[in-house]
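# Results of the structural survey
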Amino acid sequence: MDAAASGLILCLLGAVLVRRDVRGLVRRFTWRRAPATIRFASGPSWRIDFTLPDGRGVSAVTRDLRLLARRDGDGPVIILYDPKAPSRRVDLPGRPGLGLACGVGLAGLGVAALLR
């Protein structure tokens, strides 16, 4: 395998690892923040209740365990919601993790291999 092909593969692997963190950064800048409470609902689902700035109450139901694993404990949390569809698109902001560091490293190695 030549350097260009291996560099391209490394860049693609880096992009796959960085994708979720980049999506989270975009959501931080385009979506709105709101304090919310999370409660266990019947079945394996959780109910996220929060209030919009105009005073309307919104309740979103999710089964996404990855979303809830980013919580820092019990009690009220700060969520991000899509202003276009607040009851369907909810996210808990997470911190950049090991995937971001590995992805940037792989992309850097891929660019170095492409330029060699």
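Up top is the structure these notes are about.
If you're wondering where the values come from, they're calculated on a predicted model, not measured in any experiment. (Residues numbered from 1 in each chain as written. Predicted model: local features only at pLDDT ≥ 70, side-chain atom pairs only at ≥ 80, totals over all residues. Heavy atoms only, no water.)

Sheet architecture is open: five strands sit in the order 3-2-1-4-5, paired in antiparallel fashion. Edge positions in the sheet fall to strand 3 (57-62) and strand 5 (90-91), since each of these pairs with one other strand and no more. Across six bridges, the pairing between strand 1 (residues 32-41) and strand 2 (residues 45-51) is antiparallel. Bridge pairing links Ile-38 to Ile-48 in strand 2. (Pairing = 2+ DSSP bridges. Helix = DSSP H or I, 4+ residues; strand = E, 2+ residues; numbered from the N terminus.)

What follows is about a nonpolar patch on the surface. Together, Met-1, Ile-9 and Leu-13 make up a nonpolar patch on the protein surface, roughly 350 Å² of accessible area in all. Position of Ile-9 among the secondary structure elements: in helix 1 (residues 3-30). For Ile-9, a relative accessible area of 41% gives the class partly exposed. (Patch = residues over 30% accessible without salt bridge, like charges linked within 9 Å, V, L, I, M, F, W, Y side chains within 5 Å. Areas by Shrake-Rupley, 256 points an atom, 1.4 Å probe, with all protein chains shown as cover. Salt bridge = Lys/Arg side-chain N within 4 Å of Asp/Glu carboxyl O. Buried < 20%, exposed > 50% of the residue type's maximum accessible area, 1.4 Å probe, protein only.)

The subject of this paragraph is the nonpolar core. In a soluble, globular protein the nonpolar side chains are often hidden away together inside. Within the largest apolar cluster, 16 residues are counted, with the highest numbers of intra-cluster contacts made by Ile-38, Ile-48, Phe-50, Ile-79, Val-90 and Leu-92. At the level of elements, strand 1, strand 2, strand 3, helix 2 (65-69) and strand 4 (77-81) are the ones that each hand at least two residues to this core. (Core = buried A, V, L, I, M, F, W, Y, C linked by side-chain atoms within 4.5 Å.)

With 18 residues, helix 3 (residues 98-115) extends 26 Å from end C-alpha to end C-alpha; this agrees with the ideal 26 Å at 1.5 Å per step. Gly-103, Gly-110 and Ala-113 are the residues of helix 3 that are buried. Each buried residue of helix 3 sits inside an arc of 90° when the element is viewed along its axis, so together they form one side. The exposed set on the far side of helix 3, more than 90 degrees from its buried face, consists of Ala-101, Val-104, Leu-109 and Leu-115. In this structure, the buried residues of helix 3 make contact with helix 1. (Expected span 1.5 Å × (residues − 1). Arc of directions from axis to C-beta. Contact = heavy atoms within 4.5 Å.)

Here we take up the pairing of strand 2. Most of strand 2 sits inside the fold, with five of its seven residues counted as buried. Linking two consecutive strands that pair antiparallel, namely strand 1 and strand 2, is a turn of three residues; a positive phi of about 80° is found at Gly-43 within it. Across six bridges, the pairing between strand 2 and strand 3 is antiparallel. What sits directly across from Ile-48, in strand 3, is Ala-60. Adjacent in sequence and paired antiparallel, strand 2 and strand 3 are bridged by five residues, among which Gly-55 carries a positive phi angle near 100°.

This structure, assessed with the given rule, holds two aromatic pairs. On the basis of an interplanar angle of 70° and a centroid distance of 5.6 Å, the ring pair of Phe-40 and Trp-46 is categorised as edge-to-face. Its relative accessible area of 60% is what places Phe-40 among the exposed residues. Judged by relative accessible area, which is 19%, Trp-46 ranks as buried. (Phe/Tyr/Trp six-rings, centres within 6.5 Å; stacked < 30°, edge-to-face > 60°.)

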